[in-house]
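Tertiary structure, described
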Amino acid sequence: MPPIRHTRGAKKPPPDGFDEIEDTLLDFANKMKDAESAPHEGKKKNEATWDIFRISHQRSRYIYELYYKKEAISKPLYDWLLKNGYGDANLIAKWKKQGYEKLCCMRCIQAKEHNFNTTCICRVPRARLNEESSGIQCTHCGCRGCASSD
C-alpha cells in the first residue's frame with residue numbers, strides 16, 4: 001500500500017527569491033556530499049568531521065550575510081531556509097550578539113564539552129596566546145581562532 005499523505009505534513013514551496021540563491025545552496029550541498037563521502041583513513045576521529053563543520057558554517061554564514069548584511073532576501077525566505085535546515089538558527093542567533101560575530105560552531109562555547117568547564121582554545125584572542133599555543137586548532141571543528149578581537 002502507498003503511504004497516506006496528509007495535508008499537514010506537506011512541504012510548502014519555497015518563497016519568492018529562492019531560485020536566485022538555489023544554485024549556491026546546491027553547490028554547498030554537493031560539497032557536503034563530497035565531504036561526507038571523503039575517505040578518512042589516516043585522520044584522527046575528530047579531524048574526519050572538520051570539513052563538514054566548515055561547510056555547514058559557510059552555508060549558515062552565507063544565509064546570515066544575505067539577510068542581515070546585504071538584505072538581499074526576504075524575511076519569509078530567511079525563515080523558510082532556517083526551518084528547512086539550510087542554516088543553523090542557533091549559530092546565526094549567536095552571530096548577532098556582541099563578542100560572537102566570528103563564532104565557528106556552538107560546541108566551542110559550551111563549557112560542558114571542555115576540560116575544566118571553560119570555552120574552547122579557539123575562543124582565546126591570538127594576542128593572549130603564547131608562541132607555543134599559537135598553532136593549536138580546535139578539536140571539535142578545526143578552527144584556529146574565532147575570537148571577535150582577532
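We now turn to the structure provided with this report. Numbers given to residues run from 1 along each chain, matching the order in which its sequence is written. For a predicted model such as this one, the threshold for reporting local features is a pLDDT of at least 70, and the threshold for listing and counting side-chain atom pairs is 80 or more; totals across whole chains, interfaces and linings nevertheless cover every residue. Just so you know, side-chain values use all the structure's heavy atoms and leave hydrogens and water out.

When you go through the protein chain residue by residue, the secondary structure sums to four helices and zero strands. Helix and strand definitions follow DSSP, with helices as H or I runs of at least four residues and strands as E runs of at least two, each counted in order from the N terminus. Ordered by position from the N terminus, the helices and strands of the protein chain form the series α-α-α-α. Projected onto its principal axes, the C-alpha coordinates of the protein chain cover approximately 60 × 40 × 30 Å. Evaluated residue by residue, the protein chain yields a buried proportion of 29% over its 150 residues. Partitioning the contacts of the protein chain with sequence separation of at least 6, the portion at a separation of at least 24 is 53%. For every accessible area listed, the method is Shrake-Rupley and the probe measures 1.4 Å; residues are considered covered only by the protein chains on display. Per element, the accessible surface of the protein chain, about 10,700 Å² overall, is 49% carbon and sulfur. Throughout this description, buried means an accessible area under 20% of the type-specific maximum (1.4 Å probe, protein chains only), exposed means over 50%, and partly exposed covers the range between. Residues are treated as being in contact if the distance between any of their heavy atoms lies within 4.5 Å.

Helix axes are fitted only over the stretch in contact, all axes being lines through C-alpha atoms; the angle between N-to-C directions runs from 0 to 180 degrees. At their nearest, the axes of helix H1 (residues 18-37) and helix H3 (residues 75-83) sit 12 Å apart, and the two run at 35° to each other. In the packing of H1 onto H3, the handedness of the crossing is right-handed. For the pair formed by H1 and H3, the contact residues are Phe18, Ile21 and Leu25 on the first element and Leu77, Trp80 and Leu81 on the second. When its residues are assigned to classes, the contact of H1 with H3 shows six nonpolar, no polar and no charged. Left-handed describes a crossing whose near helix is turned anticlockwise from the far helix through less than a right angle; right-handed describes the clockwise counterpart. Side-chain classes follow a simple rule in which Ala, Val, Leu, Ile, Met, Phe, Trp, Tyr, Cys and Pro form the nonpolar group, Asp, Glu, Lys and Arg form the charged group, and the remainder, Gly included, forms the polar group.

Right, let's get into the packing of aromatic side chains. When two rings of Phe, Tyr or Trp (its six-membered ring) have centres within 6.5 Å they constitute a pair, described as stacked for plane angles under 30 degrees, edge-to-face for angles over 60, and tilted for the intermediate range. Tallied over the full model, the rule gives nine aromatic pairs. Here the aromatic rings of Phe28 and Tyr62 are separated by 5.9 Å at their centres, their planes lie at 55°, and the arrangement is tilted. One end of the pair, Phe28, is in helix H1; the other, Tyr62, is in helix H2 (residues 50-69), with 34 residues separating them in the sequence. With relative accessibility at 9%, the residue Phe28 sits in the buried group. Relative to Tyr68, the ring of Tyr67 lies with its centre 4.8 Å away and its plane at 85°, an arrangement referred to as edge-to-face.

Nonpolar side chains in soluble globular proteins tend to be buried together. Here, the term nonpolar core denotes a set of buried Ala, Val, Leu, Ile, Met, Phe, Trp, Tyr and Cys residues that are joined through side-chain atoms within 4.5 Å. Residues Ile21, Ile73, Leu81, Cys104, Cys108 and Cys122 are the most contacted members of the largest nonpolar core, which totals 31 residues. Put simply, the parts of the chain that give this core at least two residues each are H1, H2, H3 and helix H4 (89-95). Of the residues forming this core, the biggest block, six residues, is contributed by H1. Excluding residues within four positions of it along the chain, Ile73 makes contact with Ile21, Ile63, Leu66, Tyr67, Tyr78 and Leu81.

Moving on: unusual backbone geometry. Positive phi outside glycine occurs at Glu71, with the angle close to 50°. Given a relative accessible area of 64%, Glu71 falls into the exposed group.

Attention shifts here to the side chain of Lys94. With respect to the element layout, Lys94 can be found in helix H4. Not counting the four nearest positions on each side in its chain, Lys94 is found in contact with Tyr100, Leu103, Met106 and Ile109.

Structurally, the position occupied by Arg59 is in helix H2. The buried charged residue Arg59 lacks any salt bridge partner; its closest oppositely charged side chain belongs to Glu36, at an N-O distance of 7.8 Å. N or O atoms closer than or at 3.5 Å make up a polar contact, with two conditions inside protein: a donor-capable atom paired with an acceptor-capable one, and, for residues adjacent in sequence, both atoms drawn from side chains. A distance of 2.8 Å separates the side chain of Arg59 from the backbone oxygen of Tyr86, its partner in a polar contact. Beyond its immediate stretch of four places on either side in the chain, Arg59 contacts Leu25, Phe28, Met32, Gly85 and Tyr86. By the counting scheme adopted, Arg and Lys are positive, Glu and Asp are negative, and His together with the chain ends is not counted. A pair is scored as a salt bridge if a Lys or Arg side-chain nitrogen falls within 4 Å of a carboxyl oxygen belonging to Asp or Glu.

By this rule, a helix spans an expected 1.5 Å times one less than how many residues it contains. Helix length check: H1 (20 residues) gives 27 Å between terminal C-alpha atoms against 28 Å at 1.5 Å per residue, within 8%. Bend at a residue means the angle formed by two fitted axes: the first through the 7 residues ending at that position, the second through the 7 residues beginning there. Maximal helix bending in H1 amounts to about 30°, located at Thr24. Buried residues of H1: Phe18, Ile21, Leu25, Phe28, Met32 and Ala35, and no others. Summarising the contacts, the buried residues of H1 are in contact with H2 and H3.

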